[in-house]
Amino acid sequence: MSLYSCLWGLIFCLKGVAVMPISERAVMGKTMMVLTLTVRVLHDAVSFIAFSFLDILDLVLCFAFKAVDLIVEAEWKPCYCTSAKEAITSSGKILVSEQGESKIVCLTSTKLRLEEISDTLYARTSLVSEISKSTVNELKRIKVEGKSSTVTVQPSEKMKKGTMRSTFTVNSTIVEMLQGKIGGQHSHPISRWSDCDCKFCTSWTTSSKETLFVRAEGAKEKGKGDVLFIHGFISSSAFWTETLFPNFSDAAKSTYRLFAIDLLGFGRSPKPADSLYTLRDHLDMIERSVLEPYEVKSFHIVAHSLGCILALALAVKHPDSVKSLTLLAPPYYKVPKGVLATQHVMRQVAPRRVWPLITFGASIACWYEHISRAICLVICKNHRLWLFLTKLVTRNR
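Everything in this summary refers to the structure shown in the same document. This structure is a prediction, so every number in the text was calculated from the model and none was measured. (Residues numbered from 1 in each chain as written. Predicted model: local features only at pLDDT ≥ 70, side-chain atom pairs only at ≥ 80, totals over all residues. Heavy atoms only, no water.)

Quick notes on the side chain of Thr359
So, step 1. Among the secondary structure elements, Thr359 is positioned in helix 11 (residues 357-367).
So, step 2. If near-sequence neighbours (up to four positions away) are discounted, Thr359 is found in contact with Pro351 and Arg353. (Helix = DSSP H or I, 4+ residues; strand = E, 2+ residues; numbered from the N terminus. Contact = heavy atoms within 4.5 Å.)

Structure representation (structure tokens):
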């Protein structure tokens with residue numbers, strides 16, 4: 001049936017509703033409400049069953065990948081479902097997490113540095129445990145409200161200005177880790193067994209400099225300004241170099257220096273297994289790879305999606321150097337007052353629902369580390385095969 005016929009059918013249906021008696025329209029309205037509620041309940045039930053199964057599958061894959069890592073790489077690799085206080089990487093970083101707040105202890109020979117990260121990294125509970133926890137909390141709230149309408153809370157510790165101060169405790173196990181990691185040697189970067197071993201994907205392992213891949217075009221010398229292009233998630237510098245760069249006029253290329261980078265973990269840039277890819281990690285690599293070697297003192301930024309977050313962070317860190325910001329599809333979510341921002345956004349982006357499909361895919365990517373790794377193992381490790389098949393089907397040779 002054509003779209004034209006569907007539209008006419010809808011019009012006639014609406015006309016029929018308009019001429020219906022009030023009683024019949026009321027019945028139809030109630031029927032629609034019942035159908036809507038039924039569909040919603042069925043959707044919630046199917047989502048619960050599907051994601052409960054995925055919780056179990058992700059747990060099984062966790063042990064499977066750890067076993068293969070141990071056999072192939074002779075090392076039991078920690079993952080994000082590991083207990084937060086036991087998570088330590090070969091770079092000497094320990095995650096300490098208490099009361100919904102997370103920080104990374106970065107080790108150097110002279111000091112310890114606390115680096116804030118998103119608490120969602122190690123706080124992705126399973127659907128069953130999350131529902132159980134919310135049910136228990138609701139019962140406790142009802143019980144407290146039934147006993148008394150007035151509750152006095154004495155804070156454990158406050159700062160002089162009246163704001164709460166986070167206290168992070170480090171137990172004896174962590175102390176031993178600290179003692180063992182300070183002054184430790186960094187191993188040469190290598191790709192993992194589950195990574196693609198092609199020349200394009202492993203080029204960073206043979207480079208003597210641990211810097212980002214930078215595609216520089218335009219003016220050879222410093223002109224009127226520099227422009228930094230930052231791509232988004234699941235992308236690379238090709239997002240700019242294959243679309244915008246060929247369409248710049250000769251005048252623009254002779255006036256501006258154009259820098260397109262592959263972010264840390266993307267494209268031809270390093271993909272260190274011991275990195276937590278924090279905001280600080282990304283900014284440090286951009287400064288070390290572009291701003292310092294090319295002596296960029298004043299520049300414009302053009303960014304897309306994930307890159308918008310980094311662009312804003314660069315603007316905050318270098319307010320006198322950033323001349324303009326062009327943000328394409330920046331990720332912005334309004335957070336209600338009194339709600340933990342990271343957890344709220346996590347549930348907005350990935351609400352663990354089977355429909356629509358884009359929500360289902362986002363939920364798998366955000367909540368299930370090992371299922372995502374299995375998908376990447378099939379797709380990313382064999383990207384040359386998929387590229388060949390795509391070109392074969394589309395006849396793009």
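Next, the rest of the story.
Let's talk about the pattern of salt bridges
So, step 1. Enumeration according to the criterion identifies six salt bridges in this entry.
So, step 2. We note a salt bridge from Asp44 to Arg353, for which the minimum N-O separation is 3.5 Å. Residue Asp44 is found in helix 2 (residues 22-73), and its partner Arg353 is found in the loop between helix 10 (341-349) and helix 11; the two are separated by 309 residues along the sequence.
So, step 3. Owing to a relative accessible area of 33%, Asp44 belongs among the partly exposed residues under this scheme. (Salt bridge = Lys/Arg side-chain N within 4 Å of Asp/Glu carboxyl O. Buried < 20%, exposed > 50% of the residue type's maximum accessible area, 1.4 Å probe, protein only.)

Focus on the sheet that holds strand 4 (residues 213-218)
So, step 1. Pairing is mixed across the open sheet formed by five strands, whose spatial order is 4-6-5-7-8. Pairing within the sheet leaves two strands with one partner each, and these edge strands are strand 4 and strand 8 (322-328). With direction set aside, neighbouring strand axes in the sheet form an average angle of 20 degrees.
So, step 2. Relative to strand 7 (residues 299-304), strand 5 (residues 225-230) runs parallel, the two being bridged by five bridges. For Phe229, the partnering residue across the bridge sits in strand 7 and is Val302.
So, step 3. Helix 9 (residues 306-317) rests against strand 5, strand 7 and strand 8 of the sheet, and its axis sits at about 160 degrees to strand 8. (Pairing = 2+ DSSP bridges. Axes fitted to C-alpha atoms, helices over the stretch in contact; angles between N-to-C directions.)

Side note on a nonpolar patch on the surface
So, step 1. A surface patch of nonpolar side chains, about 840 Å² in accessible area, is lined by Ile375, Val378, Ile379, Leu385, Trp386, Phe388, Leu389, Leu392 and Val393.
So, step 2. Looking at the nonpolar patch, the elements that each hand over two or more residues are helix 12 (369-379) and helix 13 (383-394).
So, step 3. For the nonpolar patch, the leading source of residues is helix 13, giving six residues. (Patch = residues over 30% accessible without salt bridge, like charges linked within 9 Å, V, L, I, M, F, W, Y side chains within 5 Å. Areas by Shrake-Rupley, 256 points an atom, 1.4 Å probe, with all protein chains shown as cover.)

Some remarks on the packing of aromatic side chains
So, step 1. As enumerated under the stated definition, the model contains nine aromatic pairs in all.
So, step 2. Relative to Trp240, the ring of Phe239 lies with its centre 4.9 Å away and its plane at 90 degrees, an arrangement referred to as edge-to-face.
So, step 3. When its relative accessible area of 32% is taken as the criterion, Phe239 is described as partly exposed.
So, step 4. Judged by its relative accessible area of 2%, Trp240 is buried.
So, step 5. An aromatic cluster of three or more residues is present, and its members are Phe229, Phe239, Trp240, Phe245 and Phe248.
So, step 6. A cation over an aromatic ring shows up here: Arg268 above the ring of Phe213, its NZ or CZ 3.9 Å from the ring centre.
So, step 7. Directly above the ring of Trp367 sits Arg352, whose terminal nitrogen or CZ lies 3.8 Å from the centroid. (Phe/Tyr/Trp six-rings, centres within 6.5 Å; stacked < 30°, edge-to-face > 60°. Lys NZ or Arg CZ within 6 Å of the ring centre and 35° of its normal.)

Examining the nonpolar core
So, step 1. Residues Leu228, Ile230, Ile261, Ile286, Val290 and Ile301 are the most contacted members of the largest nonpolar core, which totals 25 residues.
So, step 2. When residues of this core are traced back to their parent elements, those giving at least two are strand 5, strand 6 (256-262), helix 8 (279-291), strand 7 and helix 9.
So, step 3. Sequence-distant contacts of Ile286, defined by excluding residues within four places in its chain, comprise Leu212, Leu228, Ile230, Ile261, Leu263, Leu291 and Leu314.
So, step 4. Membership of the second largest hydrophobic core comes to 12 residues, among which are Phe51, Phe65, Trp367 and Ile371. (Core = buried A, V, L, I, M, F, W, Y, C linked by side-chain atoms within 4.5 Å.)

Some thoughts on the state of the cysteines
So, step 1. Taken as a whole and judged by the stated rule, the model has zero disulfides.
So, step 2. There is no disulfide at Cys380, and the cysteine sulfur nearest it, in Cys376, is 4.1 Å away.
So, step 3. Take Cys380: its relative accessible area is 41%, and that puts it in the partly exposed class. (Disulfide = S-S within 2.5 Å.)

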